[in-house]
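Structure assessment
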Amino acid sequence: MKKLISCILALLLLTTAAFAVPGDSCVVLGEELTLGETDGIFTALGVERGTAMELALSRPDAETYFSDVPEKAASVGVLVRIRSGGEGLSLSLSNITGAETAIAAALTAAGVTDAEIVAAAPEETGALAILPAVFKAYETLTCQPLDPEAKETAAAALREADALSGELDTSKLEELLGAMTDFFDELAALSDNELRERIRSIAAEHGMTLNDAQTQQLADLFRKIQSIGGSNFAERVQDLPE
């Protein structure tokens, strides 16, 4: 019912009655943010209060988007602004940790495309916590629910990335994932052994040596994204951070 009401509100506020158009925007604020933290969030998002649709996100609401939602999901703020078709996804983070390439790839695989996403938190927070707010804003703007399985898989992919971030330097992981972006659409043709060898090869080209566990974690991450990414995935992930 809450999502239906949000969709109706979106239809009243947006310039078209059927779908979002470039420039439409929505801010989702976690209900556990204090007033002072909310002011800081708006500064970090770079948007003036009252210029975009605003929605609240409670922890129970966040838990409807995928399983095992982080506790801080209701303590973040997110701005989603629709971009023109084909412009791809852009991502800007403040106090949100994790490899940005993995975050953007997971969002794209979940169906969040052609959107500018800005996310912030009052203190250092893992990237998994922003997914419910992003999903809520995007689904409200487009009035189209994202596939539940895709959202679960995107969350699982970010958990894999977080685990890798704990073992590899984030900048190195970012470099490796960035180099592998064009590799996504080839995954379906590779056996598991070939995939692991390809990952080791790309890592070596970037001066990295991976152990067996790290190689398998990367393979699992890419398989998860591949399972929902569809064809031409690399073409759809356009504005990933370098």
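Now for a look at the structure at hand. (Residues numbered from 1 in each chain as written. Predicted model: local features only at pLDDT ≥ 70, side-chain atom pairs only at ≥ 80, totals over all residues. Heavy atoms only, no water.)

1. Remarks on the pairing of strand β1 (residues 25–30)
Within β1, six of the six residues are buried, which leaves the element mostly enclosed by the surrounding structure. In the sheet, β1 pairs with strand β3 (residues 77–82) via five bridges, with the strands oriented antiparallel. The partner of Val 27 across the bridge, within β3, is Leu 79. Sheet topology note: the β1/strand β2 (residues 53–57) ladder contains five bridges and is parallel. Bridge pairing in β2 links Val 27 to Glu 54. (Buried < 20%, exposed > 50% of the residue type's maximum accessible area, 1.4 Å probe, protein only. Helix = DSSP H or I, 4+ residues; strand = E, 2+ residues; numbered from the N terminus. Pairing = 2+ DSSP bridges.)

2. Here's the deal with helix α4 (residues 100–110)
Within α4, 10 of the 11 residues are buried, which leaves the element mostly enclosed by the surrounding structure. Considered for burial, the residues of α4 that qualify are Thr 101, Ala 102, Ile 103, Ala 104, Ala 105, Ala 106, Leu 107, Thr 108, Ala 109 and Ala 110. Among the residues trailing α4, Gly 111 stands out with phi positive, at a value near 110°.

3. Structural notes on helix α2 (residues 35–45)
Taken together, the buried positions of α2 are Thr 38, Ile 41, Phe 42 and Leu 45. The arc that holds the buried residues of α2, viewed along the axis, is 95°, so those residues lie on one side. Exposed side of α2, more than 90 degrees from the buried face: Gly 36 and Thr 43 are the residues found there. Buried residues belonging to α2 abut β1, β2, β3 and β5 (115–126). Among the residues trailing α2, Gly 46 stands out with phi positive, at a value near 70°. (Arc of directions from axis to C-beta. Contact = heavy atoms within 4.5 Å.)

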